[in-house]
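Results of the structural survey
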Amino acid sequence: MSGFFGVASKESCVLDLFFGIDYHSHLGTRRAGMAVWGPNGFSRAIHNIENTPFRTKFDKDLDSFEGKIGIGCISDYESQPLLLHSHLGSFAITTVGRINNLEGLKAHCFEKGMTHFQEMSVGGVNPTELIGALINQKNSIVEGLKSVQDLVDGSMSILLMNKDGIYAMRDKAGRTPVIVGQKDNGYCVTFESSAFLNLGYTHMKDLGPGEIDLITPKEVQVLQKPYTQKKVCSFLWVYYGYPTSTYEGVNVETMRNRCGKILAARDDVEVDSVAGVPDSGIAHAIGYSNVTGIPFSRPFIKYTPTWPRSFMPTSQAQRNMIAKMKLIPVADLIKDKKLLLIDDSIVRGTQLGETTEFLYESGAKEVHVRPACPPIMFGCKYLNFSRSNSERELITRRVVEEMEGEDVSVETLRTYADPDSPEYAAMCEKIREKLNFTSLRYHRLDDMIESIGIDECELCTYCWNGKE
């Protein structure tokens, strides 16, 4: 994933921009950048943050920035924001999204007369540069942004800054948030609403799907009204959204507590305590504990001083090792105990399986697992929140292929996704056996939607049921 933040202020924007970007550090680990428009034009810095937190890399740059308008981002892939110069003038641009038809759009740009793109150090074209090239094919910034909405297969939210202000665009289906905050001396625009709370801003509005606004120090002007259809990513609340953030009027921590309560309503397991896999599983577990009266405990503590980041290196072996190293057991809360463990999800199953073994090795009698979302059956086509390179890495798909053979049809997968089907029960039992859980019960999709509290037609649930 990535996250962005922008400020348009009647005073210097630099400190608000710096801290606002830093509050998105949970969304990416590779690159970060900030750009400011001031009396001398653009100032920009981009740094690698793989081994160093954002603030320590950019703190030394602050004295060199001067201006009242700025944008920046935390990215898990490409360098941004980029500075581009074209017939539309000079502008800075940063994006959040996923482009499934990148090769086709690159060919489209070449057909329109573009001769080259810069190649990234990891190979390939920088997606943000490609988006800038598409915008530059039109006769105005707004026309270019509208064109991007029509051309991109996937999702694309954008902050584009020039001397006039910040053009903010939410992707056409509203899969990721773009939120505007306000205070006396200006406005901010952000992915995470929690990024502006300590900076003195209050919530002004969530951009609607496809909405385009121009944000200046004096006003927020709607340039394209939102579309009527919305498909917000449900995983915002379940997993990658920050607990203090609120999207579409629903707070993440509140949703996770409600999720735990609804999970508990369908459960009758007898255990000594309930625990959440840190960090995102904790609020789910508290909700479960509150409604059942089963004590909440922390049988392992996440060690963060040297491993503070939520996402880890690209190597799966490294990530598995780091995940194990970060959890330190509390033997008195584990030995001879029956534990119920709530995690946000099960993707490959590797880390949760190792966590379970770690609890058994520490003396646990039983480990019952309750994922806070349904079994993930389909790889996401719209966002980059998972490092899975193939749907066949999903533990559900591996188990279904063992039972049905390769090349399983979508219809068959949907049968396995139905929590009332015998196929679903058989798949869950196979997963339980593979990962050595005492028992396994997933959150049902209908219950998860109730936990969020938004109409199902406004939520994207593709990874669970394969429905667009």
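So, a few notes on the structure that sits alongside this text.

Conventions adopted
- Residues numbered from 1 in each chain as written.
- Predicted model: local features only at pLDDT ≥ 70, side-chain atom pairs only at ≥ 80, totals over all residues.
- Heavy atoms only, no water.
- Helix = DSSP H or I, 4+ residues; strand = E, 2+ residues; numbered from the N terminus.
- Rg over C-alpha atoms; globule rule 2.2 N^0.38 Å.
- Buried < 20%, exposed > 50% of the residue type's maximum accessible area, 1.4 Å probe, protein only.
- Contact = heavy atoms within 4.5 Å.
- Areas by Shrake-Rupley, 256 points an atom, 1.4 Å probe, with all protein chains shown as cover.
- Lys, Arg positive; Asp, Glu negative; His and termini not counted.
- Charge placed at Lys NZ, Arg CZ, Asp CG, Glu CD.
- Phe/Tyr/Trp six-rings, centres within 6.5 Å; stacked < 30°, edge-to-face > 60°.
- Axes fitted to C-alpha atoms, helices over the stretch in contact; angles between N-to-C directions.
- Parallel < 35°, antiparallel > 145°, perpendicular 65-115°, else oblique.
- Left-handed = near helix turned anticlockwise from the far one by under 90°.
- Nonpolar A, V, L, I, M, F, W, Y, C, P; charged D, E, K, R; others polar.
- Salt bridge = Lys/Arg side-chain N within 4 Å of Asp/Glu carboxyl O.
- Pairing = 2+ DSSP bridges.
- Disulfide = S-S within 2.5 Å.
- Patch = residues over 30% accessible without salt bridge, like charges linked within 9 Å, V, L, I, M, F, W, Y side chains within 5 Å.

Regarding its fold elements, the chain presents 15 helices and 23 strands. For the chain, the C-alpha radius of gyration of 23 Å lies close to 23 Å, the compact-globule estimate for 468 residues. Principal-axis analysis of the C-alpha atoms gives the chain an extent of 65 × 45 × 40 Å. In the chain, which comprises 468 residues, the proportion classed as buried is 57%. Restricting to contacts in the chain with at least 6 residues of sequence separation, those with at least 24 account for 68%. For the chain, the exposed area adds up to about 19600 Å²; of that, 47% sits on carbon and sulfur atoms. When the 51 positive and 60 negative side-chain charges of the chain are each reduced to one mean point, those points stand 2 Å apart.

Attention now moves to the packing of aromatic side chains. Per the counting criterion, the structure on display carries 12 aromatic pairs. Centre to centre, the rings of tryptophan 237 and tyrosine 247 are 6.0 Å apart; their planes meet at 75°, and the pair counts as edge-to-face. Remark: tyrosine 247 occurs in strand β15 (residues 246-247) and tryptophan 237 occurs in helix α6 (residues 235-240); sequence separation between them is 10 residues. A single burial state applies to tryptophan 237 and to tyrosine 247, both of which are buried.

Another aspect to go through is the packing of helix α11 (residues 395-404) against helix α13 (residues 422-435). Closest axis-to-axis distance for the α11/α13 pair is 10 Å, and the angle between their directions is 110°. By the angle between their directions, the pair α11 and α13 is classed as roughly perpendicular. Between α11 and α13 the crossing geometry is right-handed. For the pair α11 and α13, the contacting residues are Ile395, Thr396, Val399, Val400, Glu402 and Met403 in the first and Ala426, Met427, Lys430, Ile431, Lys434 and Leu435 in the second. The class makeup of the residues in the contact of α11 with α13 is 8 nonpolar, 1 polar and 3 charged.

A few words now on the pattern of salt bridges. Overall, the coordinates contain 22 salt bridges when judged by the stated rule. Put simply, glutamate 402 and lysine 434 hold a salt bridge, and the shortest N to O gap is 2.8 Å. With glutamate 402 in helix α11 and lysine 434 in helix α13, this pair connects stretches of sequence that are 32 residues apart. Using a relative accessible area of 43% as the deciding quantity, one classes lysine 434 as partly exposed. A network of salt bridges, in which partner residues are shared, links Arg170, Lys230 and Glu248.

Bringing the sheet that holds strand β5 (residues 82-86) into the picture now. Read from one edge to the other, the open sheet built from 6 strands follows the order β5-β6-β7-β8-β12-β13, with strand pairing classed as antiparallel. Where the open sheet ends on each side, the last strands, each with one partner, are β5 and β13 (220-224). Ignoring which end each strand starts from, the neighbouring axes of this sheet average 25° apart. As paired strands, strand β7 (residues 154-162) and strand β8 (residues 165-169) are joined by 5 bridges and run antiparallel to one another. For isoleucine 158, the partnering residue across the bridge sits in β8 and is methionine 169.

This next bit is on the state of the cysteines. The term disulfide refers to a covalent linkage connecting the sulfur atoms of a pair of cysteines. As enumerated under the stated definition, the model contains 0 disulfides in all. Between cysteine 13, a free cysteine, and cysteine 188, which holds the nearest cysteine sulfur, the sulfur-to-sulfur gap is 12 Å. The structure places no disulfide on cysteine 73, whose sulfur is separated from the nearest cysteine sulfur, that of cysteine 13, by 15 Å.

A few words on a nonpolar patch on the surface. Together, Leu15, Phe19 and Tyr23 make up a nonpolar patch on the protein surface, roughly 280 Å² of accessible area in all. Mapped onto the elements of the fold, tyrosine 23 is located in the loop between α1 (14-22) and β2 (31-38). A relative accessible area of 34% places tyrosine 23 in the partly exposed class.

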